Structure formats: C-alpha cells, structure tokens
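Structural overview for review
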Amino acid sequence: QVQLVESGGGLVQAGDSLRLSCAASGRTFSSVSMGWFRQAPGKEREFVAAITWSGGSTYYADSVKGRFTISRDKSKSTVYLQVNSLKPEDTAVYYCAARFRGSYYVPNSYDYWGQGTQVTVSS
C-alpha cells in the first residue's frame, strides 16, 4: 500500500516556476516507479513525467521536455516535479502516481494516486 499527497501548486504567471512535491508513505515506496500526470478541464488525464524506482531513468512527455524535471529523494520518500517556463497551456490539476509494472505513459498502469494539486498559469 502506498499513500500519496501532492503539494506545491498555485497561481503563477507565464514564465514562472514551481516545484511540486509528492510525499509518499508505505513500505513499498522504494520499490515503485513514480509518475506525474495532469488533467485540464474537459480533457483526459495525460502523462507528464516518470522516474524509475532507482531514479536512474526518467521519461517525459514531448510537451514538457526541457522545461520539467522529475526527481526523487528516497530518504524523504518524496518525488518532485520542477516545472519551469510555465505556459498557460500547463494549467491543470497535477497528480502523482505509483506503479509496479506496465507502461510508464498510461494512467491505467498506475496503482496508487494522490488527490492532485492545482497549477494555474496566467498569461
């Protein structure tokens, strides 16, 4: 069992940065891969970034490559998403999720989800 709590969202202007955090609890955190997804109003939940259980590999959606960085701190059981150069189209609820197996890019592969944190980018 893994429990996830996101934080760090907010209302910012285009070009600003935020660091989203996902605090995890549960004995299996160190053995799961973690992902960030986002969902804008009226749209499907989409993949943003993922990191393997070891932290050795990361994966990004094309739309965020070069602007977003995912990382994890096992000592703190926390995953981060540094979001830079924000654009209005980045506005969404951002969710972190944990997976044991399956595709990094598909929401259905993830077993545990947080409640989400809102990111709103004004132009």
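The coordinates are above.
Residues numbered from 1 in each chain as written. Predicted model: local features only at pLDDT ≥ 70, side-chain atom pairs only at ≥ 80, totals over all residues. Heavy atoms only, no water.

1. Comments concerning the overall build of the protein chain
A count of helices and strands for the protein chain gives 0 helices and 11 strands. Its helices and strands in sequence order give the protein chain the pattern β-β-β-β-β-β-β-β-β-β-β, from N to C terminus. Relative to a compact globule of 123 residues, whose C-alpha radius of gyration would be 14 Å, the protein chain shows 13 Å and is just as compact. The buried share of the protein chain, taken over its 123 residues, is 44%. Partitioning the intrachain contacts of the protein chain with sequence separation of at least 6 by distance along the chain shows that 56% fall at a separation of at least 24. Of the roughly 6,200 Å² of accessible surface on the protein chain, 46% is carried by carbon and sulfur atoms. (Helix = DSSP H or I, 4+ residues; strand = E, 2+ residues; numbered from the N terminus. Rg over C-alpha atoms; globule rule 2.2 N^0.38 Å. Buried < 20%, exposed > 50% of the residue type's maximum accessible area, 1.4 Å probe, protein only. Contact = heavy atoms within 4.5 Å. Areas by Shrake-Rupley, 256 points an atom, 1.4 Å probe, with all protein chains shown as cover.)

2. Here's the deal with the state of the cysteines
Applying the stated rule across the entire model yields 1 disulfide. One disulfide in the model links Cys 22 with Cys 96; its S-S distance is 2.0 Å. Here the S-S torsion is close to 50 degrees, and the disulfide linking Cys 22 with Cys 96 is therefore right-handed. Within this pair, whereas Cys 22 is found in strand β3 (residues 18–25), its partner Cys 96 is found in strand β9 (residues 92–99), the two being separated by 74 residues in sequence. The burial state of Cys 22 is the same as that of Cys 96; both residues are buried. (Disulfide = S-S within 2.5 Å.)

3. Observations regarding the sheet that holds strand β7 (residues 68–73)
Taken together, 4 strands build an open sheet; the order of strands is β1-β3-β8-β7 and the sheet is antiparallel. The two strands at the open ends of the sheet, each matched to only one other strand, are β1 (3–7) and β7. Between one strand axis and the next, the sheet turns through 15 degrees on average, direction left out of account. Summarising the sheet, β3 and strand β8 (residues 78–83) pair through 6 bridges and their orientation is antiparallel. (Pairing = 2+ DSSP bridges. Axes fitted to C-alpha atoms, helices over the stretch in contact; angles between N-to-C directions.)

4. Section: the side chain of Glu 6
Checked against the element boundaries, Glu 6 lands in strand β1. Among buried Asp, Glu, Lys and Arg side chains, Glu 6 stands out as unpaired, with Arg 45 the closest opposite charge at 7.5 Å. At 2.9 Å, the side chain of Glu 6 and the backbone nitrogen of Gln 115 are in polar contact. Not counting residues within four places of it along the chain, the set of residues in contact with Glu 6 comprises Ser 21, Cys 22, Trp 36, Tyr 94, Tyr 95, Cys 96, Gly 114, Gln 115, Gly 116 and Thr 117. (Lys, Arg positive; Asp, Glu negative; His and termini not counted. Salt bridge = Lys/Arg side-chain N within 4 Å of Asp/Glu carboxyl O. Polar contact = N/O pair within 3.5 Å; in protein donor to acceptor, adjacent residues only side chain to side chain.)

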